[in-house]
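# Reading the structure
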Amino acid sequence: MHCGKSTLTNALVGEKVSIVSWRPQTTRNKLLGILNGDDYQMVLIDTPGIHKARNRLGNYMMQAVENGLKDVDAVVYVIDAAKGMQREDYEFMEKNAAKAPLIVALNKTDAVTQQTLFETLQKLNGVVGLKAVVPISARKGENLEPLMNELKEILPYGVPMYPQDEYTESSMRFLATEIIREKALYLLDKEVPYGIGVYINKFEEREEAPICDIDADIVCEKQSHKAIVIGKGGEMLKKIATEARKDLEKMIGSKVFLTLYVRVKDEWRNDDFVLRELGYDIKQLKKE
Ligand SMILES: Nc1nc2c(ncn2[C@@H]2O[C@H](COP(=O)(O)OP(=O)(O)OP(=O)(O)O)[C@@H](O)[C@H]2O)c(=O)[nH]1
Ligand SMILES: [Mg+2]
């Protein structure tokens, strides 16, 4: 569920490692955020939200969740305070409390009354096996320190796994596809954005000038969706490109020339070949 896992990951890392939108199933992969402190390194794993898979992309996403829970030192389970405790929350906590220290981050405290918050906290009080419950607002960056302190307590001693100036394992190409997808999620309506995938055809930083040329395909599921993504007179595609370019320029630190194309792959979310092409290779995940 879209309770704010990616918002929290970004807030803790202090960089945008994961895209965010109000739509469910925004995150599709297992993503790393690397947090480098003076005397520690913490590797955060952001995953898709747990949901019933309705297609092969959904299966891939649920495998990503499973992988994300493997070999971790702690699990931060994020609950949306505005929604309160759901049956799935109890199920998850019951299933996972014994596997690794389980900390609940009760998120979106800014969006609920004290009374609602109190009631949910009381319910959480009754759950056995939790290491801690920390009310937070990931969006406002509130109360993140107590959460960090809980996590630091659990951190094992060891050498850093990543160079200390790194905050993500994702490639620029991957981050570029995600940024474009994020804008599509914001700007498109109804079921269209859920069937969007992004493929980078060209990603070239020019040698002679600080300019990056990016050509990408927006893959959608139906001919009728293609028309919507392009919009009247190409307006929608232009909007997506303009919004994406701003973020890409920030990320790359140079001017970006972004060209977007739209292509249709019927029902690609159930097509193993296209899924692999777009980077959602479940066989690869299962090997990890
Ligand atoms: N009011 C409020 N909204 C928040 C907070 N944290 C996240 N949100 C919003 O909740 C929505 C979902 O946030 P995400 O971070 O994408 O959630 P997620 O859990 O990663 O969602 P999926 O990747 O779809 O599973 C976005 O609109 C966020 O802006 C918060 O602390 N307060
Ligand atoms: Mg997410």
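Conventions used here
- Residues numbered from 1 in each chain as written.
- Chains lettered and ligands numbered in written order.
- Predicted model: local features only at pLDDT ≥ 70, side-chain atom pairs only at ≥ 80, totals over all residues.
- Near = placed C-beta within 6 Å.
- Helix = DSSP H or I, 4+ residues; strand = E, 2+ residues; numbered from the N terminus.
- Nonpolar A, V, L, I, M, F, W, Y, C, P; charged D, E, K, R; others polar.
- Pairing = 2+ DSSP bridges.
- Axes fitted to C-alpha atoms, helices over the stretch in contact; angles between N-to-C directions.
- Contact = placed C-beta atoms within 7 Å.
- Core = buried A, V, L, I, M, F, W, Y, C linked by C-beta atoms within 7 Å.
- Buried ≥ 20, exposed ≤ 12 C-beta atoms within 10 Å, placed from the backbone.
- Domains from an automatic or database assignment.
- Parallel < 35°, antiparallel > 145°, perpendicular 65-115°, else oblique.
- Left-handed = near helix turned anticlockwise from the far one by under 90°.

Before going further, it helps to examine the site of ligand 1. Taken together, 22 residues lie near ligand 1, and His2, Gly4, Ser6, Thr27 and Gly49 sit nearest. The leading source of residues in the shell around ligand 1 is helix H1 (residues 5-13), at 3 residues. Taken together, the residues of the shell around ligand 1 sort by class into 7 nonpolar, 11 polar and 4 charged.

Glancing now at unusual backbone geometry. For Gln25, which is not glycine, the phi dihedral falls at a positive 60°. Locating Gln25 in the fold gives a position in the loop between H1 and strand S1 (31-36). Notably, Glu267 is not glycine yet its phi reads approximately 45°, a positive angle. Within the fold, Glu267 resides in the loop between strand S8 (255-264) and helix H9 (272-277).

Further remarks concern the sheet that holds strand S7 (residues 211-220). Strand order in this open sheet of 3 strands is S6-S7-S8, and the pairing throughout is mixed. This sheet does not close on itself; its edge strands, each paired only once, are strand S6 (197-205) and S8. The average angle at which neighbouring strand axes cross in this sheet is 15°, direction not considered. As judged from the 10 bridges shared by S7 and S8, these two strands associate in the parallel manner. Bridged to Asp217 within S8 is Tyr261. Its contacts with the sheet put helix H6 (residues 172-187) on S6 and S7, and the angle it makes with S6 is roughly 130°.

Once that is clear, we can look at the sheet that holds strand S5 (residues 130-135). Pairing is parallel across the open sheet formed by 3 strands, whose spatial order is S3-S4-S5. Only two strands of the sheet have a single neighbouring strand rather than two, namely strand S3 (75-80) and S5. Strand-to-strand twist across the sheet, computed as the mean angle between neighbouring axes with direction ignored, equals 20°. Pairing analysis gives 6 bridges linking S3 to strand S4 (residues 102-107), with the strands arranged parallel. When the sheet's bridge partners are listed, Val76 is paired in S4 with Ile103. Contacting S4 and S5, helix H5 (residues 144-154) crosses the sheet at an angle of about 160° to S5.

What follows deals with the pairing of strand S2 (residues 41-46). Two faces, one strand: in a regular strand the side chains alternate between the faces of the sheet. Sheet analysis places S1 next to S2, joined by 6 bridges and oriented antiparallel. In the sheet register, Gly33 faces S2, and the bridge partner there is Leu44. Between the end of S1 and the start of S2, which pair antiparallel, lie 4 residues.

Take the nonpolar core next. Ile180 and Ile218 are the most contacted members of the largest nonpolar core, which has 34 residues in total. At the level of elements, helix H2 (56-68), H6, S7, helix H8 (235-252) and S8 are the ones that each hand at least two residues to this core. Looking at which domains feed residues into this core, each of domain 1 (5-154) and domain 2 (172-287) gives three or more. Aside from chain neighbours lying at most four places away, what touches Ile218 is Ile180, Ala184, Ile196, Val198, Val229, Leu260 and Val262. Among the nonpolar cores identified, the runner-up in size contains 27 residues, and Leu8, Val104, Val112 and Val134 belong to it.

So, on to the domain arrangement of the protein. Where interface size is given, it is often the accessible area lost as the parts come together that is meant. Annotation of the protein at the domain level lists domain 1 (5-154) and domain 2 (172-287). Using only C-alpha atoms to locate each centre, domain 1 and domain 2 end up separated by 27 Å.

The subject of this paragraph is the environment of Gly58. By the secondary structure assignment, Gly58 is in helix H2. In this structure Gly58 comes out as partly exposed when scored by C-beta crowding, with 17 C-beta atoms within 10 Å. Linking Gly58 and Glu150, residues 92 residues apart in sequence, is a C-alpha distance of 32 Å.

Let us now look at the packing of H6 against H8. Contact geometry of H6 with H8 gives a least axis separation of 9 Å together with a crossing angle of 140°. The orientation of H6 relative to H8 falls into the category oblique. Viewed along their axes, H6 and H8 form a crossing whose handedness is right-handed. Each of Met172, Leu175, Ala176, Ile179, Ile180, Lys183, Ala184 and Leu187 in H6 lies in contact with H8, whose residues at this interface are Met236, Lys239, Ile240, Glu243, Ala244, Asp247, Leu248, Met251 and Ile252.

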